[in-house]
Amino acid sequence: MTFLSHCECSGCGEHYDVAELLNLCRCGKPLLARYDLDAAAAGFPREALRDRAASMWRYEEMLPAESEVAVTLGEGWTPLLGAPRLGSWLGLRNVYVKDESLNPTGSFKARGMSAAVTMAASRGARAFAVPSAGNAAGALAAYAARAGVPCYIFMPADTPLANRIECAYAGADVTLVDGLITDCGRIVAERKDAEGWFDVSTLKEPYRIEGKKTMGYELAEQLGWELPDVILYPTGGGTGLIGMWKAFDEMERLGWIGSARPRMVSVQASGCAPIVRAFEAGAESADEFPNAHTVASGLRVPRAIGDFLILRALRESGGTAVAVDDDDLIGGVRSLCETEGILAAPEGGACVAALRRLVETGWVGRDERVVIFNTGTGVKYLEALGGA
Ligand SMILES: *Cc1c(COP(=O)(O)O)cnc(C)c1O
């Protein structure tokens, strides 16, 4: 069963009925799923997880739908790998890699799309549309195919070849746009009503974040119900970071963890660092980043609709935001692969490079427990890695 009760606007607080097909609040801000946490605290002890399936749906009580009705390809419950050789190269004793490359479609976008497609398909969506820098498109195409619902994808023309091919094979209708993901988003927003498309853009529907929050549940469970000291997260739209921050609060209300929280670090590319810029300026929201460019396509998000939620989580956690150059993030991919055998996406490499910087400045201490996210597989980025 699920303890989902309603959706609530992250801006004005208005409530929405979860039987409906939901996008943004009338005020334009993202909706967040809310659960009956008192009932869940009584009815969902963490011991219940013991015999559950090795997928994110093991947390179904705190997901928007039951696992039996989920549109699933086995996403989630990815390994949390100790990384001692990377750690000693960095001068750290307790480094872990949460390796999201093992998800269906090779990235953590699978988690969000599994949840979003499950909810929208069961509430009457007849076609999906998404603007994507790459991996969201591949994941949506796969889950839409599995649900038997058509989908329309808008991607920048220089999106990695792997993403274009996976969408085409899944039968998605793909349009390559001469522009950025924000331009793609504008096209979807303009056409969706006339075309009857359900817009699955990051944070423009409430459930992708619910899928991604399970990374927070898994971290806690895999670390024996203790959270790490520091989490480095490669941030585009910020869904996973906002989602994990939400998961930590939910788990505390469930009585699964205490009040200690990790320091959250947003890692971005120097060529597209709107959150880093806003964090350093002390701003509550982020301006659109001009001339965005980076080979880490998942980080090529010049404007995030959840910017204020990302910035709030960074500050409440005592965290920070770090930008790294493309050369350094590719170097990070190499270091992680040389030391631990994990061929990461450039976004994962960015976390390695950022951690190195944070160790050098003393922001991360030698004995702290640090988790870096490898959000996708390097195999999907051969153009970016091939020349390195
Ligand atoms: C989408 C994506 C990101 C950014 O994720 P958000 O949760 O939207 O910030 C990072 N890495 C990869 C590989 C991605 O596909």
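Predicted model only: the values in this text are computed from it and were never measured.

Turning our eyes to something else, we now look at the sheet that holds strand S3 (residues 31-35). Strand pairing in a sheet is mediated by backbone hydrogen bonds. Such pairs are either parallel or antiparallel. If you trace the 3 strands from one edge of the open sheet to the other, you get S2-S1-S3, paired in antiparallel fashion. Of all the strands in the sheet, just strand S2 (15-16) and S3 have a single pairing partner and so form its edges. Bridging between strand S1 (residues 4-9) and S3 involves 5 bridges; their strand directions are antiparallel. From the neighbouring strand, glutamate 8 faces S3, where its bridge partner is leucine 32.

Below, the discussion takes up the sheet that holds strand S12 (residues 320-324). Pairing in this open sheet of 6 strands is mixed, and the strands run S4-S5-S13-S10-S11-S12 from one edge to the other. The open sheet has two free edges, formed respectively by strand S4 (80-82) and S12, since each of these has just one partner strand. Sheet twist, expressed as the average angle between the axes of neighbouring strands with direction ignored, equals 25°. Across 5 bridges, the pairing between strand S10 (residues 230-234) and strand S11 (residues 263-269) is parallel.

All right, on to the side chain of serine 335 then. With respect to the helices and strands, the residue serine 335 is situated in helix H11 (residues 326-340). By relative accessible area, which is 11% here, serine 335 ends up buried. Dropping the residues within four chain positions of it, serine 335 is found in contact with Leu86, Trp89 and Val352.

All right, on to the pairing of strand S7 (residues 151-156) then. Taken across its 6 residues, S7 has 5 buried, putting it largely inside the fold. A crossover connection joins strand S6 (residues 128-131) to the parallel S7 through helix H4 (residues 135-147); in handedness this β-α-β unit is right-handed. In terms of strand pairing, S7 meets strand S8 (residues 173-177) through 5 bridges, oriented parallel. Across the sheet, residue phenylalanine 154 finds its bridge partner in S8, namely threonine 175. With respect to chirality, the unit in which S7 leads through helix H5 (residues 161-169) into the neighbouring parallel S8 is right-handed.

Time to look at H5. Along H5, the residues classified as buried are Asn163, Glu166 and Cys167. In a view along the axis of H5, the buried residues occupy a sector of 100°, so they form one face of it. Following H5 by one or two positions, glycine 171 has its phi on the positive side, about 85°.

If you trace the backbone, asparagine 163 turns up in helix H5. Setting aside residues no more than four positions away along its own chain, asparagine 163 makes contact with Gly134, Asn135, Met155 and Lys380.

In protein structure, a disulfide is the covalent linkage between the sulfur atoms of two cysteines. One pass over the structure, following the stated rule, counts 0 disulfides. With no disulfide of its own, cysteine 151 lies 6.9 Å from the sulfur of cysteine 167, the closest cysteine sulfur. No disulfide involves cysteine 337; its sulfur sits 16 Å from the nearest other cysteine sulfur, which is in cysteine 351. A relative accessible area of 29% means that cysteine 337 is categorised as partly exposed.

Once that is clear, we can look at the site of the ligand. Surveying the vicinity of the ligand reveals 16 residues, the closest of which are Lys109, Tyr233, Gly236, Gly238 and Thr375. Note that an oxygen atom of the ligand is positioned 2.9 Å from one of the side-chain N or O atoms of asparagine 135. For the ligand, the accessible surface in isolation is 390 Å², of which the surrounding protein chains cover 97%. Going through the elements one at a time, S10 and helix H8 (239-254) are the ones with two or more residues in the shell around the ligand.

Within the structure shown, the criterion is met by 10 aromatic pairs. Between tyrosine 59 and tyrosine 217 the ring centres are 5.2 Å apart and the planes differ by 40°, which places this aromatic pair in the tilted class. Pair noted here: tyrosine 59 is in the loop between helix H1 (37-43) and S4 and tyrosine 217 is in helix H7 (residues 208-222), with a separation of 158 residues, a long-range link. Grouping residues by exposure puts tyrosine 59 and tyrosine 217 together as buried. Through pairs of rings, three or more aromatic residues link up here, namely Phe44, Tyr59, Tyr217, Trp225 and Trp256. Lysine 29 extends its terminal NZ or CZ atom over the ring of phenylalanine 308, reaching a point 5.1 Å from the ring centre. The ring of phenylalanine 108 is capped by lysine 212, whose NZ or CZ atom sits 3.7 Å from the centre of that ring.

In terms of nonpolar packing, the biggest core is built from 69 residues, with Tyr207, Met244, Phe248 and Trp256 touching the most fellow members. Counting residues per element, this core draws most heavily on H8, which supplies 8 residues. No fewer than three residues from each of domain 1 (4-69) and domain 2 (80-107 + 207-385) sit in this core. Those residues in contact with phenylalanine 248 that sit more than four places away from it in its chain are Gly216, Leu227, Ile231, Ile257, Arg261, Pro262 and Met264. Among the nonpolar cores identified, the runner-up in size contains 35 residues, and Val97, Ile372, Tyr381 and Leu385 belong to it.

Further remarks concern the domain arrangement of the chain. The domain boundaries assigned to the chain delineate domain 1 (4-69), domain 2 (80-107 + 207-385) and domain 3 (109-199). Using C-alpha coordinates to define each centre, domain 1 is positioned 24 Å away from domain 2. Residue-level contacts link 27 residues of domain 1 with 18 residues of domain 2. In total, domain 1 and domain 2 occlude about 2000 Å² of area from one another, counting both sides; carbon and sulfur atoms represent 69% of this. Three residues stand out in domain 1 for area buried against domain 2, namely Leu37, Arg46 and Tyr59, and they jointly supply 30% of the buried area on that side. Linking domain 1 with domain 2 are 2 salt bridges, by the criterion used here. Across the salt bridge formed by aspartate 38 and arginine 253, the nearest N and O atoms sit 3.8 Å from each other. The tally of links from domain 1 across to domain 2 stands at 7 residue pairs in polar contact (both at pLDDT 80 or more). Of all elements in the fold, only S1, S3 and H1 reach the threshold of two or more residues within the side of domain 1 that touches domain 2. Of the residues contributing to the side of domain 1 that touches domain 2, the split by class is 20 nonpolar, 2 polar and 5 charged.

Rules of the game
Residues numbered from 1 in each chain as written. Predicted model: local features only at pLDDT ≥ 70, side-chain atom pairs only at ≥ 80, totals over all residues. Heavy atoms only, no water. Pairing = 2+ DSSP bridges. Helix = DSSP H or I, 4+ residues; strand = E, 2+ residues; numbered from the N terminus. Axes fitted to C-alpha atoms, helices over the stretch in contact; angles between N-to-C directions. Buried < 20%, exposed > 50% of the residue type's maximum accessible area, 1.4 Å probe, protein only. Contact = heavy atoms within 4.5 Å. Right-handed = clockwise from strand over helix to strand, strands pointing away. Arc of directions from axis to C-beta. Disulfide = S-S within 2.5 Å. Near = heavy atom within 4 Å. Polar contact = N/O pair within 3.5 Å; in protein donor to acceptor, adjacent residues only side chain to side chain. Areas by Shrake-Rupley, 256 points an atom, 1.4 Å probe, with all protein chains shown as cover. Phe/Tyr/Trp six-rings, centres within 6.5 Å; stacked < 30°, edge-to-face > 60°. Lys NZ or Arg CZ within 6 Å of the ring centre and 35° of its normal. Core = buried A, V, L, I, M, F, W, Y, C linked by side-chain atoms within 4.5 Å. Domains from an automatic or database assignment. Buried area = accessible area lost by both parts, 1.4 Å probe. Salt bridge = Lys/Arg side-chain N within 4 Å of Asp/Glu carboxyl O. Nonpolar A, V, L, I, M, F, W, Y, C, P; charged D, E, K, R; others polar.

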